[in-house]
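These are the residues of each chain, in order.
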Amino acid sequence: MADTQNATNNNENESAETMQINPQRAKQLVENVTAITKRIEAANKSNRNIRLIAVSKLKPASDILALHQPQPQPQTPAASPPSSPAQPFQTHFGENYVQELLEKSRLLPRSIRWHFIGGLQSNKCKQLAEQIPNLWCVSSVDSIKKCNELEKGRKALLSSSSSSSPSPTTTTTSSSSSTATEPDKLRIMVQINTSGEESKSGVEPADALPLCQHIINNCPSLHLAGFMTIGAIARSHATTPENENEDFVALRRVRADVAKGLGWDETKLELSMGMSADFEGAIAQGSDEVRVGSQIFGERPPKKDAVV
Ligand SMILES: *Cc1c(COP(=O)(O)O)cnc(C)c1O
């Protein structure tokens, strides 16, 4: 509905509408996501819901739009009821750099759900949480200070959006909820350093509970969603469905301990683990969310050569 959209939103749509997409590239990307989705389904023996984040860092905005736009549905018989409104093909995208995400989020549709998965600096947190209304999750949170800054930013966004625009909830139908543009609490995944490597970011497993308690008790604009690990690269390469990855074992243990400490049911906390090299093994070990980049978009350019 046009009257519930603000001017910025219309501009964003114009940018997306004028963006050039190479049809061959688009076809390739859709095929790649389809192939990954099939592999996820095959690895998912317990029929959980598993979210695929397409990690688009250092890749152009046109690649993201090519994957987000609805794809033609298989032909339905003429007698069948009219098909529902076209749904985005891929909704969840992951980015690692604040500046790059700010630029892309301004160019691309609000119906994208952005995940910030990269190394996070405290001094960028407020901007990140406030300026990107469709930032859906920050997966790399590892300090109280960063939580407090994210809280400030999302709190400011929520109070400005509730006072400046009337809520559209009374006029929207349930079919539009999948593309909702109203900002909500910001989901947080606490990043755990499961490998004990000095160079890896993330909190030590023993520090996870106090950080989670801080989010629950002091950050009303944030929602504690679960835990994320990257894991040691050497272990990732050795991960097969038969060969358990110790980082993933450690992340499960953190969830069990924190859930116990909070008195929560474990199922309220998701595990984000698994990348291109090891997502099938991660799923076998209970992952709820996999973050796949190079297997969808191909090798990434050096950061200095990347173009939005
Ligand atoms: C880049 C990145 C990914 C994706 O890596 P691929 O190996 O290309 O799939 C996943 N998670 C995080 C945190 C990343 O930085």
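These figures come from a predicted structure and were not determined experimentally.

Q: Where do I start with the pairing of strand S3 (residues 113-116) in this structure?
A: Remember that side chains alternate between the two faces of the sheet whenever the strand is regular. The sheet contact formed by strand S2 (residues 92-95) and S3 spans four bridges and is parallel. Within S3, the position partnered with His92 by the bridge is Arg113. In this fold, S2 hands off to helix H4 (residues 98-107), which returns the chain to S3; that crossover is right-handed. Where S3 meets strand S4 (residues 135-141), three bridges bridge the pair, whose relative direction is parallel. In the strand pairing of S4, Phe116 is matched with Val138. The handedness of the S3 to S4 crossover, carried by helix H5 (residues 122-131), is right-handed.

Q: Whenever I open this one, the UniProt feature "modified residue: N6-(pyridoxal phosphate)lysine" (unreviewed entry) in the chain confuses me. Can you help?
A: Those residues carrying the UniProt feature "modified residue: N6-(pyridoxal phosphate)lysine" (unreviewed entry) are Lys57 in this numbering. One can find Lys57 in the loop between strand S1 (51-55) and helix H3 (61-68).

Q: Got a minute to help me understand the packing of H4 against H5 in this structure?
A: For any two helices packed against each other, the geometry comes down to the angle between their axes and how far apart the axes lie. Running from amino to carboxyl end, H4 crosses H5 at an angle of 15°, the nearest separation of the two axes being 11 Å. One finds that H4 runs roughly parallel with respect to H5. Pair H4 / H5 crosses with left-handed handedness. Between H4 and H5, the contacting residues are Val98, Leu101, Leu102 and Arg106 on the first element and Lys124, Gln127, Leu128 and Gln131 on the second. For the contact of H4 with H5, the class distribution of residues is four nonpolar, two polar and two charged.

Conventions we followed
- Residues numbered from 1 in each chain as written.
- Predicted model: local features only at pLDDT ≥ 70, side-chain atom pairs only at ≥ 80, totals over all residues.
- Heavy atoms only, no water.
- Pairing = 2+ DSSP bridges.
- Helix = DSSP H or I, 4+ residues; strand = E, 2+ residues; numbered from the N terminus.
- Right-handed = clockwise from strand over helix to strand, strands pointing away.
- UniProt positions renumbered as here; feature names shortened; annotations may be inferred.
- Axes fitted to C-alpha atoms, helices over the stretch in contact; angles between N-to-C directions.
- Parallel < 35°, antiparallel > 145°, perpendicular 65-115°, else oblique.
- Left-handed = near helix turned anticlockwise from the far one by under 90°.
- Contact = heavy atoms within 4.5 Å.
- Nonpolar A, V, L, I, M, F, W, Y, C, P; charged D, E, K, R; others polar.

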